[in-house]
Amino acid sequence: MSLFLLTFTLLILIVAAMAVGMIVQKKSMAGSCGGLGAVGIDKACDCDDPCDKRKQRMAKEQVWKENQIM
């Protein structure tokens, strides 16, 4: 039982250290696989003229990408 508690405590300390590191660096989390771009798809919506709600969402995503650190 003591080995389990020691292992669990070590795991919690590692996760906490990673969380503090992300907070201190002020970076947003990003995936590493490339998403849809890795398979040759430029966008999730294949519409030529997306609806207004989709256009607003795409504009917000563009602003987010411009302000992303990396």
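The structure presented is a predicted model; accordingly, all values stated were derived computationally and were not measured.

Basis of the calculations
Residues numbered from 1 in each chain as written. Predicted model: local features only at pLDDT ≥ 70, side-chain atom pairs only at ≥ 80, totals over all residues. Heavy atoms only, no water. Helix = DSSP H or I, 4+ residues; strand = E, 2+ residues; numbered from the N terminus. Buried < 20%, exposed > 50% of the residue type's maximum accessible area, 1.4 Å probe, protein only. Areas by Shrake-Rupley, 256 points an atom, 1.4 Å probe, with all protein chains shown as cover. Phe/Tyr/Trp six-rings, centres within 6.5 Å; stacked < 30°, edge-to-face > 60°. Patch = residues over 30% accessible without salt bridge, like charges linked within 9 Å, V, L, I, M, F, W, Y side chains within 5 Å. Salt bridge = Lys/Arg side-chain N within 4 Å of Asp/Glu carboxyl O. Expected span 1.5 Å × (residues − 1).

1. Structural notes on the overall build of the protein chain
Along its length, the protein chain carries 2 helices and 0 strands. The buried share of the protein chain, reckoned over its 70 residues, is 4%. By element, 65% of the accessible surface of the protein chain is carried by carbon and sulfur atoms, the whole surface being about 6,700 Å².

2. Structural notes on the packing of aromatic side chains
Using the criterion set out here, one finds 1 aromatic pair in the structure. A centroid spacing of 6.1 Å and a plane angle of 15° characterise the contact between Phe4 and Phe8, whose relative ring orientation is stacked. Of the two residues, Phe4 and Phe8 are both situated in helix H1 (residues 2–25); the distance of 4 residues between them amounts to about one turn of the helix.

3. Quick notes on a nonpolar patch on the surface
The grouping of Met1, Phe4, Leu5, Phe8 and Ile12 at the surface amounts to a nonpolar patch, some 570 Å² of accessible area in total. Given a relative accessible area of 73%, Met1 falls into the exposed group.

4. Some thoughts on H1
Over its 24 residues, H1 runs 35 Å from end to end, which matches the ideal 34 Å to within 8%, given 1.5 Å per residue. One or two steps after H1, the chain reaches Lys26, where phi turns positive at roughly 55°.

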